[in-house]
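So you can see what is in the structure, the chains are spelled out below.
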Amino acid sequence: MPPITAMLHRLNPWHQKGTLTISAGVPPPQITTRTASILLVLYALVYFLPFYASKTTRPSVTLSRDAPSVIRARVRSVIISCLLCGAATAGILAKTANASVFDVLHLTGIWPAAVLDSSRALFLTALLFAGPLFSYFIVDSGWREWVRLEPFHELWEEWPAWRNIVAGPVTEELLFRSASVPLMLLARASLSQTIFLSPVIFGLAHVHHFYEFRLTNPQVPATAAVLRSLFQLAYTTLFGAYATFLFVRSGSLFAVCAVHAFCNCMGLPQLWGRVTPARPSVRERLLRGQSGEGGERPPSVLWTVAYYVLLIAGSVAWYKGLWVLTESENALVPAAAWDPSGSKA
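An unreviewed UniProt entry lists the chain under the name intramembrane prenyl-peptidase Rce1, from Lasiosphaeris hirsuta. According to its UniProt record, the chain has this under Subcellular location (unreviewed entry): "Endoplasmic reticulum membrane". Comment text from UniProt for the chain, heading Catalytic activity (unreviewed entry), reads "Hydrolyzes the peptide bond -P2-(S-farnesyl or geranylgeranyl)C-P1'-P2'-P3'-COOH where P1' and P2' are amino acids with aliphatic sidechains and P3' is any C-terminal residue."

Written as structure tokens, this is what we have:
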């Protein structure tokens, strides 16, 4: 086992026989779950409240959150927030648990990078999107874009894309996984609390988008805006739970950043209706040597059948591979924590 084992036993000393009972004579945790939760709330506030403290980052009727100037200013703000919160977590770990520099790097998922474990986590997540990947690469001929490396050009030339695929995932995972999960471990919170409580705070940190949406879309009814925000809260919380699960299982910040970026790229999968090719842009038609409306492929019922078969098959494969593909020696909790009977690794 890696050297972090002794540190993990000090943080969460599950009984060696596999039960979740704390061994006799083990001192109580240095902080409580309530304290850890309060710190997580403070971290979330430190993350997004600065957005509204300056006119350069505060959206208005005439200034969208997608404006390049707003994105640049917000990225600078969240980098500072992540550094402050990360330093706070490192200080708490060092002072209350006598964590070494290596311990802190491991508990925060920074080192080791666990590239192989991260690749498995990314592959596992891609299984859930087998249908959408088929739709993009085959139905929409997305492979042509990758041959021309267009996604990379778009990533570095369009500020919203860079925010959604790079800056957002990295800073959010730094704060809500790297800086937050170690506090829950330090408090000896249960796995259910760690996986499902902290992501609620992650989801709530996105509620401020309701204000921004109402500000820039006043024509949308309030009820529709509320429902939109509730839906966003639900899926960000669900994703937060999944990302926390991957982080605890892999012990890798790189893994959850990669999965977060991938999910932002894919969006929510289509769950009903026929699968039809997206209408190519004027630029795409010119690159293909087409003009006007001609040259577009008619929809095929086979695409729809293939899409939903792959969507279901991918989901089943994801479920079957959930434990195997996330198993890692860098895990932040012992195997007994997941299954006291020892039936799961």
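Predicted confidence across the chain gives a mean pLDDT of 84, with 84% of residues reaching 70 or more. Within the chain, helix α5 (residues 115-128) carries the highest mean pLDDT (97), whereas helix α16 (residues 282-287) carries the lowest (49). Here residues 14-24 scores under 50 on pLDDT; set against residues more than four positions off or in separate chains, the count is 18 contacts.

This part covers the packing of aromatic side chains. Under the counting rule described, the total for this entry stands at 13 aromatic pairs. Here the aromatic rings of Trp 159 and Trp 162 are separated by 5.8 Å at their centres, their planes lie at 80 degrees, and the arrangement is edge-to-face. Linking Trp 159 with Trp 162, this pair stays in helix α9 (residues 159-178), spanning three residues, or about one helical turn. Classification of Trp 159 as partly exposed rests on a relative accessible area of 31%. When the ring of Trp 323 is compared with that of Trp 338, the centres are 5.5 Å apart and the planes differ by 75 degrees; the resulting orientation is edge-to-face. Taken as a pair, Trp 323 in the segment after α17 (301-321) and Trp 338 in the segment after α17 lie far apart in primary sequence, 15 residues in all. A relative accessible area of 25% means that Trp 323 is categorised as partly exposed. In this structure an aromatic cluster arises from ring pairing among Tyr 47, Phe 51 and Phe 176. Above the face of the Trp 159 ring, Arg 72 is positioned so that its terminal group lies 5.3 Å from the ring centre.

To continue, consider the side chain of Ser 252. Within the fold, Ser 252 resides in the loop between α14 (222-250) and α15 (253-266). When its relative accessible area of 0% is taken as the criterion, Ser 252 is described as buried. Of the polar contacts made by the side chain of Ser 252, one reaches the backbone oxygen of Ala 113; its length is 2.8 Å. Polar side-chain contacts of Ser 252 include one of 3.1 Å to the backbone nitrogen of Ala 255. Sequence-distant contacts of Ser 252, that is, excluding residues within four places in its chain, are made with Gly 109, Ala 113, Ala 114, Ser 118 and Phe 247.

Here we take up unusual backbone geometry. Among all residues except glycine, the phi angle is most often negative; among peptide bonds, the trans geometry is most common. Put simply, Trp 111 and Pro 112 share a cis peptide bond, and its omega is 0 degrees. You can see Pro 112 is positioned in the loop between α4 (101-107) and α5. At Ala 114, a residue that is not glycine, the phi angle is positive and equals roughly 50 degrees. With respect to the helices and strands, the residue Ala 114 is situated in the loop between α4 and α5. For Ala 114, a relative accessible area of 12% corresponds to the buried category. Located in the positive-phi region is Arg 188, a residue other than glycine, with phi close to 55 degrees. Examined against the element boundaries, Arg 188 turns out to sit in the loop between α10 (181-186) and α11 (191-196). Accessibility expressed as a relative area gives 18% for Arg 188, which makes it buried.

What follows covers α17. In this model, α17 (21 residues) spans 30 Å end to end at C-alpha, consistent with the 30 Å of a helix rising 1.5 Å per residue. Taken together, the buried positions of α17 are occupied by Trp 303, Thr 304, Tyr 307, Tyr 308, Leu 311, Gly 314, Trp 318 and Gly 321. Along the axis of α17, the buried positions cluster into a sector of 165 degrees, meaning they face one direction only. Relative to its buried face, α17 has exposed residues pointing more than 90 degrees away, namely Val 301, Leu 302, Val 309, Ile 312, Tyr 319 and Lys 320. Those residues of α17 that are buried are in contact with α5, α6 (130-139) and α14.

Glancing now at the packing of helix α2 (residues 33-48) against α9. The interhelical angle for the contact between α2 and α9, taken along N-to-C directions, is 150 degrees, at an axis separation of 10 Å. As judged from the angle between their axes, α2 and α9 are roughly antiparallel. When you trace α2 past α9, the crossing you get is right-handed. Between α2 and α9, the contacting residues are Tyr 43, Ala 44 and Tyr 47 on the first element and Gly 168, Thr 171, Glu 172, Leu 175 and Phe 176 on the second. Of the residues that constitute the contact of α2 with α9, the class distribution is five nonpolar, two polar and one charged.

About the criteria used
- Residues numbered from 1 in each chain as written.
- Predicted model: local features only at pLDDT ≥ 70, side-chain atom pairs only at ≥ 80, totals over all residues.
- Heavy atoms only, no water.
- UniProt positions renumbered as here; feature names shortened; annotations may be inferred.
- pLDDT = per-residue confidence, 0-100.
- Helix = DSSP H or I, 4+ residues; strand = E, 2+ residues; numbered from the N terminus.
- Contact = heavy atoms within 4.5 Å.
- Phe/Tyr/Trp six-rings, centres within 6.5 Å; stacked < 30°, edge-to-face > 60°.
- Buried < 20%, exposed > 50% of the residue type's maximum accessible area, 1.4 Å probe, protein only.
- Lys NZ or Arg CZ within 6 Å of the ring centre and 35° of its normal.
- Polar contact = N/O pair within 3.5 Å; in protein donor to acceptor, adjacent residues only side chain to side chain.
- Expected span 1.5 Å × (residues − 1).
- Arc of directions from axis to C-beta.
- Axes fitted to C-alpha atoms, helices over the stretch in contact; angles between N-to-C directions.
- Parallel < 35°, antiparallel > 145°, perpendicular 65-115°, else oblique.
- Left-handed = near helix turned anticlockwise from the far one by under 90°.
- Nonpolar A, V, L, I, M, F, W, Y, C, P; charged D, E, K, R; others polar.

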